[in-house]
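Listed here are the chains, written in short residue letters.
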Amino acid sequence: MSRRPVPLELLPHLRRARDHMDRHYTEPIDLDRLARVAGVSKYHFARSFEATYGLTPLRYLTRRRIERAQDLLRGANLTVTEICVAVGFASLGSFSTRFTELVGESPTAYRDHWAARGVAHVPGCYLFMRGILDPRATGPTPSVEPAEGAPSEGSARRPHRAIREKPVAPGPG
């Protein structure tokens, strides 16, 4: 079964929806909302997004949230529950299960793995005080600039374990 390529004129719309997920990953986002951002029907959006990026929109969003959780687990002095909520998960169980599936170890084991390397943690109160995390919603505040002398989000990152895909075994029935 061959798939038709995604029309070039649709790519900017898909990119807009992907950028929306990257900016608003802490918020509840569903397929209807993403399709509205892209300006196409949700079914056309879902098929086109997966054909273009290799992941369904919701898998992409989950991956983005897990990547951000990895950053926080490595560098912030927050509990796993606080990080779970900060990255947009509503359930600690779902967060832990998905994190383990994608990263290969539990969030606690991942944090302990990095703590054993002696990596300094940023106190959670500092993140809240500087507005990097909102204590009411425990989500990032996009309008806040990094403190003077602090590395920007994309610079001076420590190396980290990449997310790996695990094959999914077919369920019964």
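Above this text you will find the structure in question.
Here's a quick rundown of the structure. (Residues numbered from 1 in each chain as written. Predicted model: local features only at pLDDT ≥ 70, side-chain atom pairs only at ≥ 80, totals over all residues. Heavy atoms only, no water.)

1. Considering the overall build of the protein
Check the secondary structure of the protein and you find 8 helices and 2 strands. Counting from the amino terminus, helix and strand elements in the protein follow one another as α-α-α-α-β-α-α-α-β-α. Contacts in the protein between residues at least 24 apart in sequence constitute 61% of all its contacts with a sequence separation of at least 6. With an accessible surface of roughly 10500 Å², the protein has 55% of that area assigned to carbon and sulfur atoms. (Helix = DSSP H or I, 4+ residues; strand = E, 2+ residues; numbered from the N terminus. Contact = heavy atoms within 4.5 Å. Areas by Shrake-Rupley, 256 points an atom, 1.4 Å probe, with all protein chains shown as cover.)

2. A look at the packing of helix α2 (residues 31-38) against helix α3 (residues 42-53)
Between α2 and α3, whose axes approach to 9 Å, the crossing angle comes to 85 degrees. When the axes of α2 and α3 are compared, the pair comes out roughly perpendicular. Contact residues: α2 offers L31, D32, L34, A35 and A38, while α3 offers K42, F45 and A46. Class assignment of the residues belonging to the contact of α2 with α3 gives a composition of 6 nonpolar, no polar and 2 charged. (Axes fitted to C-alpha atoms, helices over the stretch in contact; angles between N-to-C directions. Parallel < 35°, antiparallel > 145°, perpendicular 65-115°, else oblique. Nonpolar A, V, L, I, M, F, W, Y, C, P; charged D, E, K, R; others polar.)

3. Focus: the side chain of R33
With respect to the helices and strands, R33 occurs in helix α2. Among residues more than four places away in sequence, those in contact with R33 are H20, H24, E27 and P28.

It is worth stressing that arrangement in space is one thing and function is another; only the former is reported here.
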